[in-house]
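A closer look at the structure
So the chains spell out like this:
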Amino acid sequence: MEVLESRSGNTVIIDVRGRVDSNTARAFEEKLLGAVAPADPALVVDCTQLDYISSAGLRVMLMAAKKVRAAKGRLALCGLRPHVREVFDVSGFSSLFLIHPARDAALAAVSQAGAPC
Amino acid sequence: MIGMIEIRLRNQLSEILRLADLVDRFGEAHGLASGVVFKFNLVLDEVLTNIIDYGYDDGAPHDIVVILTLAGAVITAEVIDDGRPYDPTLVPEPDLTLSVDDRPIGGLGIHFARTMMDRVEYRRDGRLNRLRLSRRADPEAAGSAGTT
């Protein structure tokens, strides 16, 4: 697993690559939760190069969503590959997150003040 | 078409990556659809992670055996461990409709098995847990294991 962090305006972009499983979830947790600003965070998780995610990785995504909500911020995902998308669908997580095919749309979604998490 | 491999793993999480690699190779050798191989990798990862994290009290090394079989159009993965007795088919279904704030973390592993496999069968065999996971090799076939 590899995590690249960048910024677009006030939005933090987390580009997660490879496998997020029980071996790598802890490192992903540190990176992702560390990127949630204490007030009004805006976050996009780019999954374009995410090959695999297990429930250990979903757990981290859910923790980030809870933290973002508590800080009254916004979080969107983008670029989910079909197998990864299926994991989100089967777990019911697709309805918990804003999911866009492209990064630009995800960035636009989180930059709109008042949009739901 | 018939194929079988037996994989012996240590009870360490790092072994799951080696398992995934062997499952991928099994899939390639038998021309299995990538979506089906992904499902087996996911479900086996969840089952193995659970065994490794919660199955043992003694801190000692243990072997876990995974037997992958392709017989006709059906793929079966049997997971055999000597951890404490544990029947994952008895775990209740998670409530997938809860909101972000109410959604508990956990219970998804067996849910993946139930939805992505056709059959999930557990039996206690002396000192061993035996969990059989099977589904059709056809990627379009929906899993429908329920609890057996």
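Reference entry: report on the structure contained in this document. Fair warning: this is a prediction, and the values are worked out from it, not measured in the lab.

The subject of this paragraph is the overall build of chain B. Looking only at helices and strands, chain B has 3 helices and 5 strands in total. Taking 148 residues into account, the globule formula puts the C-alpha radius of gyration at 15 Å, and chain B, at 15 Å, falls close to it. Counting only C-alpha atoms and orienting by the principal axes, one finds that chain B spans roughly 40 × 40 × 25 Å. A buried classification covers 31% of the 148 residues belonging to chain B.

All names here are of chain B. Orientation of helix α2 (residues 34-54) relative to helix α3 (residues 108-116), taken along the N-to-C sense of each, is 145°, at an axis distance of 9 Å. In terms of crossing hand, the pair formed by α2 and α3 is left-handed. Within the contact between the two elements, α2 uses K39, L42, V43, E46, V47 and N50 and α3 uses G109, F112, A113 and M116. Taken together, the residues of the contact of α2 with α3 break down into 6 nonpolar, 2 polar and 2 charged.

Residues and elements named next belong to chain B. Only one face of strand β3 (residues 74-81) is covered, namely the face carrying I75, A77, V79 and D81; the face carrying V74, T76, E78 and I80 is uncovered. Pairing of strand β2 (residues 63-71) with β3 involves 8 bridges; the strand directions are antiparallel. Its bridge partner being in β3, I64 is matched across the sheet by D81. Counting the residues in the hairpin turn of β2 and β3 gives 2 residues, including G72, whose phi is positive at 65°. Two elements, β3 and strand β5 (residues 128-136), share 8 bridges in a ladder whose sense is antiparallel. By the bridge assignment, V79 is partnered in β5 with L131.

Criteria and cut-off values
Residues numbered from 1 in each chain as written. Chains lettered and ligands numbered in written order. Predicted model: local features only at pLDDT ≥ 70, side-chain atom pairs only at ≥ 80, totals over all residues. Helix = DSSP H or I, 4+ residues; strand = E, 2+ residues; numbered from the N terminus. Rg over C-alpha atoms; globule rule 2.2 N^0.38 Å. Buried ≥ 20, exposed ≤ 12 C-beta atoms within 10 Å, placed from the backbone. Axes fitted to C-alpha atoms, helices over the stretch in contact; angles between N-to-C directions. Left-handed = near helix turned anticlockwise from the far one by under 90°. Contact = placed C-beta atoms within 7 Å. Nonpolar A, V, L, I, M, F, W, Y, C, P; charged D, E, K, R; others polar. Pairing = 2+ DSSP bridges.

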